[in-house]
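Working through the structure, step by step
The residues making up each chain are set out below.
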Amino acid sequence: MIMPIKASESGKITHNLSPGSVISAGDLLASLELKDPSKVKKIETFSGKLDIEETPLEMDPKKAVMNILAGFNMDPETVAQKAMDSVADSSEAAELLTEVLNEFYRVESLFEDQIEDEAVRALTKANAENLDVVIAENTAHRQLKSRGALVSAMIRQLDVFADRFGQEIPSEVVAALQQVASLKNKGCGEIVLAAEEKVRMAKIPAFEVRLADLRNKLADSETDLIELSRSSTLSAGVDLLTNLLGDEDAAIRASAMEVYTRRVYRTYEITDISVGDEDGRLSCSFSFQFADVPLKDRITRQGFFSVIQDASNYAKELPAILNSFGSKLSGDSSKDGPTNVLQIGALSGDISVEDLEKAHADNKDKLNMVGVRTVTATLTKGKKDPLYYSFPQCSGFKEDPLRRGMRPTFHHLLELGRLEDNFNLERIPAMGRNAQIYVGTEKNARRNAAQVVFLRAISHTPGLTTFSGARRALLQGLDELERAQSNSLVGAQSSSRIYLHSLPEQSDASPEEIAKEFDEVIDKLKSKLARRLTKLRVDEIETKVRVTSTDEEGNPVVVPVRLVASSMEGEWLKTTAYVDRPDPVTGVTRERCVIGQGAEEVCELMSYDSSNAIQTKRAIARRVGSTYAYDYLGLLEVSLVEEWEKYVSSLSGPDTPAIPTNIFEAEELLEGEDGELVTGKREIGTNKVGMVAWKITMKTPEYPEGREVVVIANDVTVGAGSFGVEEDEIFFKASEFARENKIPRVYIACNSGARIGLVDDLKPKFNIKFIDEASPSKGFEYLYLDDATYKALPEGCVNVRECPEGWEITDIIGTNEGIGVENLQGSGKIAGETSRAYDEIFTLSYVTGRSVGIGAYLVRLGQRIIQKNEGPMLLTGYGALNKLLGREVYNSNDQLGGPQVMYPNGCSHEIVQDDQEGVSSILQWLSFVPKTTDAITPVRESTDPVNREVAWRPTPTPYDPRNMLTGADGKLGFFDEGSFKEYLGGWGKSVVIGRGRLGGIPMGAITVETRLVEKIIPADPADPNSREAVMPQAGQVLFPDSSYKTAQALNDFNNEGLPVMIFANWRGFSGGSRDMSGEILKFGSMIVDALREYKHPIYIYFPPYGELRGGSWVVVDPTINEDKMTMFSDPDARGGILEPAGIVEIKFRLADQLKAMHRIDPQLKMLDAELESTDDTDTAAQEAIKDQISAREDLLKPVYLQAATTFADLHDKTGRMKAKGVIKEAVPWAQSREYFFYLAKRRIAQDNYVSQLTAADPSLNAKSALEILRSMCSADWDDNKAVLEYYSSNDATISAKISEVKLASIKAQIEQLQKSLAE
């Protein structure tokens, strides 16, 4: 490109870049030194002072709040404080808070659960007359950070609401908070968490009420303190007990101390406990052992809990407390190391951590002398939760920040020590009192450290190993993780691990039985909760339960059983069960031993490993918005189980099938030594090629014996999922394998297009021949290699020619495959293979993450596409396009190929929200498809009776055609209840296409939209002058897009082996100039092509009040493909060339209507007679009669126009269509379901016999084969049900006839050959 740049003044030009340089927007190409600088006035920086009077800006605080919410920049914290200070009473404060929260929610809800472009488009459509509203809403949303800071500051004001106004938070504020808490936008995360916390606090009974209730329980003489300490309802009251340690009643104090101690040490065996006063301090001395250690190995540990009045006296009281503790001990307390625990509670006051640490340091020797392992300081805070500080001996009695806020045993119960070995942990708020959430980053990671969200929780509720109990606990855990996603510390690609420790002991099952039950429970949970598990990226679920048993000597012991469902080794949430072996001194699990199948001696050390190769690959896949390729196998299995459960639950009766065993099996397709694909297995994550493929065998409701599917997937963790030569070969061979076996092929696309590369070995070796060595900016002549370097290179690595410096490089070839044009050649190869595959077998693509270049073409060539909501299909990324355009035009790849582009243009058939939904949609689509291309249509048992009437009936006025298929308002439609699914819903909206079942028979469906729809053509961001265009499309009319959609659907149905129901209701094609230039003729003709090539039954049916006219009749007339197409009509439907009103305008005009009037109307007949009898000379009389005739005609015109229209309409009714043979039968809508079921089932069997006959004797065509069947059939040939029964009961006879025909054909061929040889 040559672009002249002209200067208006002369001077000396100095080039900054040499010819051939690559330039970007903003680069300095050259500078001009003016011959006469005085001709140009330079711009200088103003250094003076502007003469503008400073005016203080006073603004009403409430107005300032609303300005920030509208998107203006102000200090949110200051504004919030001033606004709340300005309110006079609680009512005014509640009104302000409610208004702020509602306004924030109103704006953010407009952008919730959709891409920003779609939200703006919806706003524009809703406010077409006032675009200022759109700008205002968008401006506010763009300032989410400052608006969020304001709302957070306002929510914090609720902390002092009760103290300031003397009442609890008003209900209207709580309702507004609940609305805000429902927002899902990541940017609102901190606000959502704060709102949830305030809502939760508002629902808790008042502190005084809860405290009084707990005190009454302790005061009740019938209360069993041991049972109370084990109660599952005490969870929220454990910390509340600390407020009763200073109660005026000594008995209450003692009971509170005992219940608290027993509760905190619930998992231990407390062998002795005593509560009393020690020097005026309430104290508790107790002995305890680890209950999960055999009795002979147990060590008795001592605990001491003492309460002081004021925290400020901690240092002063500590020596006396230690003396009291020491007096309770006997023997050498440190012989087993530090094993004892000390807890000191303060009823009031404050003390800093530094002062606590100093007190411990001053008494360190005494602490060691009494064998203290951990000191816990508890500061009671009245209405607020008490503060806990833990000081372990291993850190010199300095505080462990990780344990802050935890009761003494919590750290041990949650096994946090295991996490600290390999992860740096940061705790984030959790909603539940017995749950903790930590964000962990690997300690030894070099860069991009993997982030893991750890949820650790304890449960006091029994039944955690049952399905209901496990589901309840897991749901609570997932809720916590869901909230954690809102925290700014949690990354979008972080994985999650869940740990649940069930404290109640189980006595009704052995570890082996629990392990077996856990395996079944996890399978169910995976199918029920798969979507949330994948969304929250849960890689491990670990449950620890406590089983009562006996040791070798018959003594009671608790056996800790660890149940793990983990994806760490590759397989998604694979279950394993272990028995823990804890250390007798520390209680920490030293090793865990596998349960079952004689593997009890297979033990391993306990640790929380950092990310292995598989976890790293998962993190990479998640970073691009996808799932690791091998994890799709787990998702497929889970979705298959879910599909079976839905199917079985829909049936009833004693013959309801059970879910088969081994319903899913995957064998990887691997390259053998000869380069051909063979089935096998390899360790997950060891593949070196970024393309993987499997042959999957699934037992589905349609094929309980099993069906095979080839699944091909990009592995985005290898070369970013790019297509190199090796990837192309795997894809090609796997697709070819599917075609050869005539089985469906599913492609999971997540890639970055054709692989690009350079010969990296040459980068440090080449030299540059500059034009002027002293001035490199003048450019260079060529690249070269010196002689020694060139000779050291492998032969054929470069093409060169000799030059003075050595060897000039003319071509770089390299020795490695897959860095350039060879990848493009491979891309062409797999593009051609995919095109062939679509013609020969069922192909389906799922786009997740992204699909670029050849990846985008492959999914389109496979035609059927399911697209993830955040999975764009691209030819070029938005960054490269912006660079090409020289400005920031596009801000995301979704603008180029996201669902908002690909769904309305007909590339994507279906949009899903996540990978689990995508996999479920794959299985649902496969359920309509035969297991091989030559198999008959699969039939699924249905509980929806085929002989029921179709209750929902179309109306003469416009209606939603989907209701005709699915039903509405409690009235069932044509297809089996719940079986219809629409596809391509965003494109060609004047036609609705989908797949449904009729009595279990899968069918394609095409029906017609009767209402006005809109086609939206978006504006192009690259063209400032372009505008979004909204084009209305009338109902019952074929437009270019809907014509193409109809043809495309027919092609898809044909390759899927589906019979088709076309509910024809078209008045014709749109023939305006816009649509003629939009190629309506071309796309309308494609419908004929698709019907002519269709190989399966097609039923065209006119629904009630439907009509088929003109060109739209022509393109679906059964004579296009008489062997496969049949036409039917409801008695209330119509068919003809033009509509009655149009026919009347041409064939029953006013003159004909007037003739009918004069022929029929008595008055006109009388007037005609009078006029006839009037003397020709009596003009006045004739004129008078003519005036009467004209008046009478004017009076009758509306009625006779209506009569003429009815007359024309009677020509279009079903009776005439049947009489003329253009339709086969008049089928009432109410009975259409039963009629077409038996017809479809008959045709499936009949077409199967016909194909066998034509295969047996090639000289037969479909008609002659059908005549053979007709001659054999003893039933009424026009009775579909009777013929079907004949086929069912005489299958052996028909098969024998086919064999007979085959034998006769072979004999005829032999005779023909013999005759030919004789000649």
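Now for a look at the structure at hand. (Residues numbered from 1 in each chain as written. Predicted model: local features only at pLDDT ≥ 70, side-chain atom pairs only at ≥ 80, totals over all residues. Heavy atoms only, no water.)

Thoughts on the environment of Thr-98
Position of Thr-98 relative to the elements: it lies in helix 3 (residues 90-109). Judged by relative accessible area, which is 13%, Thr-98 ranks as buried. With 77 residues separating them along the chain, Thr-98 and Ala-175 place their C-alpha atoms 8.5 Å apart. Among all residues touching Thr-98, those that are not within four sequence positions of it are Glu-172, Val-173 and Ala-176. (Helix = DSSP H or I, 4+ residues; strand = E, 2+ residues; numbered from the N terminus. Buried < 20%, exposed > 50% of the residue type's maximum accessible area, 1.4 Å probe, protein only. Contact = heavy atoms within 4.5 Å.)

Things to note about the sheet that holds strand 42 (residues 1098-1102)
The sheet built from 7 strands is open, its strands ordered 34-35-36-40-42-44-46 with mixed pairing. Among the strands making up the open sheet, the edge pair consists of strand 34 (981-983) and strand 46 (1225-1226). Note: strand 36 (residues 1001-1008) against strand 40 (residues 1060-1063), 3 bridges, orientation parallel. Residue pairing for strand 40: Ala-1005 is matched across the bridge by Met-1061. On the sheet, helix 31 (residues 1040-1056) packs against strand 34, strand 35 (991-998), strand 36 and strand 40 and is oriented at approximately 25° with respect to strand 35. (Pairing = 2+ DSSP bridges. Axes fitted to C-alpha atoms, helices over the stretch in contact; angles between N-to-C directions.)

A word on the pairing of strand 25 (residues 798-803)
The sheet contact formed by strand 25 and strand 26 (residues 806-812) spans 6 bridges and is antiparallel. If you follow Val-798 over to strand 26, its bridge partner there is Ile-812. Hairpin connection from strand 25 to strand 26: 2 residues lie between these consecutive antiparallel strands.

Section: helix 41 (residues 1262-1272)
Those residues of helix 41 lying buried are Ala-1265, Ile-1268 and Leu-1269. Buried residues in helix 41, looked at end-on, bunch into an arc of 95°, giving them a common side. With respect to the buried face of helix 41, the exposed residues turned more than 90 degrees away are Lys-1263 and Ser-1271. Among the structural elements, helix 40 (1232-1256), helix 42 (1280-1289) and helix 43 (1291-1318) are those in contact with the buried residues of helix 41. (Arc of directions from axis to C-beta.)

With respect to the sheet that holds strand 25
Ordered by their spatial adjacency, 4 strands build an open sheet running 23-24-26-25, and the pairing between neighbours is antiparallel. The strands lining the two open edges of the sheet, one partner per strand, are strand 23 (767-770) and strand 25. Strand-to-strand, the axes of this sheet are offset by a mean angle of 50°, without reference to chain direction.

Observations regarding the packing of aromatic side chains
All told, the structure shown has 39 aromatic pairs when counted by the stated rule. Summarising the aromatic geometry, the rings of Tyr-265 and Phe-286 are spaced 4.9 Å apart at their centres and angled 55° between planes, so their arrangement reads as tilted. Here Tyr-265, found in the loop between helix 12 (250-264) and strand 3 (268-278), pairs with Phe-286, found in strand 4 (residues 281-290); they are 21 residues apart in sequence, far enough to count as distant. Accessibility assignment for this pair places Tyr-265 and Phe-286 in one class, buried. Between Phe-286 and Phe-288 the ring centres are 5.6 Å apart and the planes differ by 35°, which places this aromatic pair in the tilted class. No difference in accessibility class separates Phe-286 from Phe-288, as the two residues are buried. In this structure, Arg-407 packs its charged tip against the face of Phe-410, placed 5.5 Å from the ring centre. (Phe/Tyr/Trp six-rings, centres within 6.5 Å; stacked < 30°, edge-to-face > 60°. Lys NZ or Arg CZ within 6 Å of the ring centre and 35° of its normal.)

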